[in-house]
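Notes for the structure review
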Amino acid sequence: MRALAFVAVLAVSFTLSAQVVNPDWRPAEGPVAYAIPILDHATLLPQELAIHYFTNLARMGYDCGDVSLECGLSETLPILSFDFKLATAARWLSKHLNDTPCFQHDTCCTLTLTATEVLCVAGTACTDQPCEVTFCTGTPWVQRITMFGGNPTAENIAAGNDTADETICQWMNSSGHRTNICSPSNTSLGTGYHQGQNCFYRYWTQDFGGGAQAERLYPGALFEDGALLKAGLIVRSPSPVKTAAVTVGTVETALANTFGTDLRGAWTATVSAANCAAYFFTASFKDGKSERFPPAGYLFYSETPEQCETPDGDPDTDTAGPDDTVPDEAASDNEGSDTTEGPDEETPDEGSSDHTSPFDFNPSKDDAGPANDDGPVDVDLVWPDTDKPTDNGCGCSLVF
């Protein structure tokens with residue numbers, strides 16, 4: 001069953017201080033005592049890492065098979081680093097959308113923040129709305145994200161599609177969501193995924209933020225590409241990559257530059273991984289420096305990474321720290337919708353027009369369905385290519 005899916009977007013711009021990534025963060029002051037564990041690398045889901053990888057791939061120029069969808073200034077857009085506070089808020093929302101169930105940016109209940117939880121006030125949940133259109137009164141989306149310590153600039157949500165590549169192209173085919181993905185004001189990202197039993201079954205959230213960036217390696221991921229499992233790593237460096245590799249379990253596999261250049265591009269390889277396989281990425285550069293992602297510890301290929309066991313011994317962390325000489329600067333004067341000007345002090349990468357496709361995830365434009373040209377500029381009707389169970393009366397997928 002295919003059903004109409006409503007698409008809208010929120011984009012907000014704030015002047016932000018540099019982000020602080022600290023998994024043990026707790027607010028030192030304020031009206032509440034916040035004690036919810038912030039996500040760390042070891043607890044990130046493969047889908048969350050994959051949607052981050054694909055978002056950065058889109059910011060480097062990948063267009064889902066339609067050149068008109070390419071981000072403006074894709075050769076100089078800041079690469080998005082991972083913000084764990086935004087990621088915690090994003091995963092919470094994805095689960096909330098399934099559990100209520102509902103589908104909107106503001107929560108579908110009134111939130112309260114206790115010493116251990118962000119939760120709905122009893123009796124305020126809005127549970128009688130249709131899956132694809134929700135008109136609930138709840139806590140505003142910015143306030144919800146700040147409860148987790150995040151400083152948001154924009155948010156995209158989507159539901160229904162199985163994989164991160166399908167979802168990123170679903171967003172890229174919607175002008176408002178593409179604006180959020182392509183905005184030079186956004187320099188950090190937290191991603192959240194939840195698979196449940198209600199309405200659209202799979203829920204995806206992107207929470208964008210700002211802040212100065214300095215690292216060379218950005219979130220890598222393991223993701224499905226048809227029948228294959230791929231490893232992908234995003235690199236932005238002032239010095240060319242010399243070597244790049246992914247280690248899954250005890251097997252190290254060399255990565256090849258398959259998109260962009262050896263200064264700014266995606267490095268990929270076909271791999272295999274058992275459930276709960278621990279993995280990490282490494283790269284060395286021609287200026288003699290090397291880096292690892294994650295900087296310490298492991299990522300886990302599992303739907304329940306918190307249940308995976310850390311391998312014996314300490315992972316190799318003898319790598320140089322990030323190079324702070326060529327940071328990406330967050331633009332503070334953009335309203336979340338203008339992609340005609342790049343961020344201040346951004347250093348262009350040389351030769352970054354040499355784009356090749358790292359893998360096939362090119363949904364046909366014909367599958368997207370007709371656009372609603374009569375509606376507001378930030379609303380489209382789309383026909384996502386989906387085949388979901390319909391026993392709950394809602395076999396559609398959508399973005400908002």
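The present account deals with the structure reproduced in this document.

The rules behind these values
Numbers given for residues are sequential positions, taken from 1 along each chain in its written order. pLDDT decides what is reported in this predicted model: residues at 70 or higher carry local features, side-chain atom pairs at 80 or more are listed and counted, and totals for whole chains, interfaces and linings draw on all residues regardless. Side-chain metrics rest on all non-hydrogen atoms present in the structure, leaving aside hydrogens and water. By definition, any uninterrupted DSSP run of H or I lasting at least four residues is a helix, any uninterrupted run of E lasting at least two residues is a strand, and each is numbered from the N terminus. In protein, a polar contact requires one atom able to donate a hydrogen and another able to accept it; more generally it is a pair of N or O atoms within 3.5 Å, and residues adjacent in sequence count only if both atoms are side-chain atoms. What counts as an axis is a line fitted to C-alpha atoms, over the stretch in contact for a helix, and the angles between N-to-C directions run from 0 to 180 degrees. By the definition adopted for this analysis, an angle is roughly parallel if under 35 degrees, roughly antiparallel if over 145, roughly perpendicular if from 65 to 115, and oblique otherwise. Throughout, a residue-residue contact means that at least one pair of heavy atoms, one from each residue, lies within 4.5 Å. Polar here means any residue outside two lists: the nonpolar Ala, Val, Leu, Ile, Met, Phe, Trp, Tyr, Cys and Pro, and the charged Asp, Glu, Lys and Arg; Gly therefore counts as polar. Residues enter a nonpolar core if they are buried and are Ala, Val, Leu, Ile, Met, Phe, Trp, Tyr or Cys, with the set joined through side-chain atoms within 4.5 Å. Think of it in three bands: with a 1.4 Å probe and only protein chains considered, a residue is buried below 20% of the maximum accessible area for its type, exposed above 50%, and partly exposed in between. DSSP bridges decide pairing: two strands pair if at least two such bridges lie between them. Left-handed describes a crossing in which the near helix is turned anticlockwise from the far one by less than a right angle; the clockwise case is right-handed. Any two cysteine sulfur atoms within 2.5 Å of one another count as a disulfide.

1. Things to note about the side chain of His 177
Among the structural elements, His 177 can be located in helix 5 (residues 175–182). There is a polar contact of 2.7 Å between the side chain of His 177 and the side chain of Ser 174.

2. So, the packing of helix 4 (residues 164–172) against helix 5
Two elements in contact, helix 4 and helix 5, have axes separated by 6 Å at closest approach and are oriented at 110 degrees. One finds that helix 4 runs roughly perpendicular with respect to helix 5. For the pair helix 4 and helix 5, the contacting residues are Ile 168, Trp 171 and Met 172 in the first and His 177, Arg 178, Ile 181 and Cys 182 in the second. Class assignment for the residues of the contact of helix 4 with helix 5 results in five nonpolar, one polar and one charged.

3. Concerning the environment of Gln 129
Inspection of the secondary structure assignment puts Gln 129 in the loop between strand 5 (118–120) and helix 3 (141–146). Along the primary structure Gln 129 and Cys 102 are separated by 27 residues, whereas in three dimensions their C-alpha atoms are 6.9 Å apart. Not counting residues within four places of it along the chain, the set of residues in contact with Gln 129 comprises Thr 134, Phe 135 and Cys 136. Side-chain polar atoms of Gln 129 contact the side chain of Asp 128, separated by 3.3 Å.

4. With respect to the nonpolar core
In terms of nonpolar packing, the biggest core is built from 63 residues, with Leu 57, Leu 255, Tyr 279 and Phe 281 touching the most fellow members. Broken down by element, this core gets its largest block of residues, seven residues, from helix 1 (residues 46–59). In contact with Leu 255, not counting residues within four places along its chain, are Ala 231, Leu 233, Ala 244, Ala 245, Val 246, Trp 267, Thr 268, Ala 269 and Phe 281. Cys 131, Cys 136, Cys 199 and Phe 200 belong to the second-largest nonpolar core, a separate cluster that totals 13 residues.

5. Some remarks on the sheet that holds strand 9 (residues 217–225)
Overall, antiparallel pairing links the four strands, which are arranged 9-10-14-13 in an open sheet. In this open sheet, the two strands that pair with only one neighbour each are strand 9 and strand 13 (256–260). Each neighbouring strand pair of the sheet contributes to a mean axis angle of 30 degrees, computed without reference to strand direction. Strand contacts of helix 1: strand 9, strand 10 (228–236), strand 13 and strand 14 (264–271), with the helix running at about 110 degrees to strand 9, the strand carrying the most contacts.

6. Brief notes about the packing of helix 1 against helix 4
Between helix 1 and helix 4, whose axes approach to 9 Å, the crossing angle comes to 45 degrees. Of the possible angle classes, the one that applies to helix 1 and helix 4 is oblique. The two elements helix 1 and helix 4 meet at a crossing, and its hand is right-handed. Contact with helix 1, carried on its side by Gln 47, Ala 50, Ile 51, Phe 54, Thr 55 and Ala 58, involves Ala 164, Asp 165, Thr 167, Ile 168, Trp 171 and Met 172 of helix 4 and no other residues of that element. A class-by-class count of the residues in the contact of helix 1 with helix 4 yields eight nonpolar, three polar and one charged.

7. Points about the state of the cysteines
For the structure on display, the rule yields seven disulfides. The disulfide bridge from Cys 71 ends at Cys 182, spanning 1.9 Å between sulfur atoms. Residues Cys 71 and Cys 182 share a disulfide whose torsion about the S-S bond is about -65 degrees; that sign makes it left-handed. With Cys 71 in the loop between helix 1 and strand 3 (81–82) and Cys 182 in helix 5, the pair connects residues that are 111 residues apart, well separated along the chain. By the burial criterion, Cys 71 is buried, and Cys 182 matches it.

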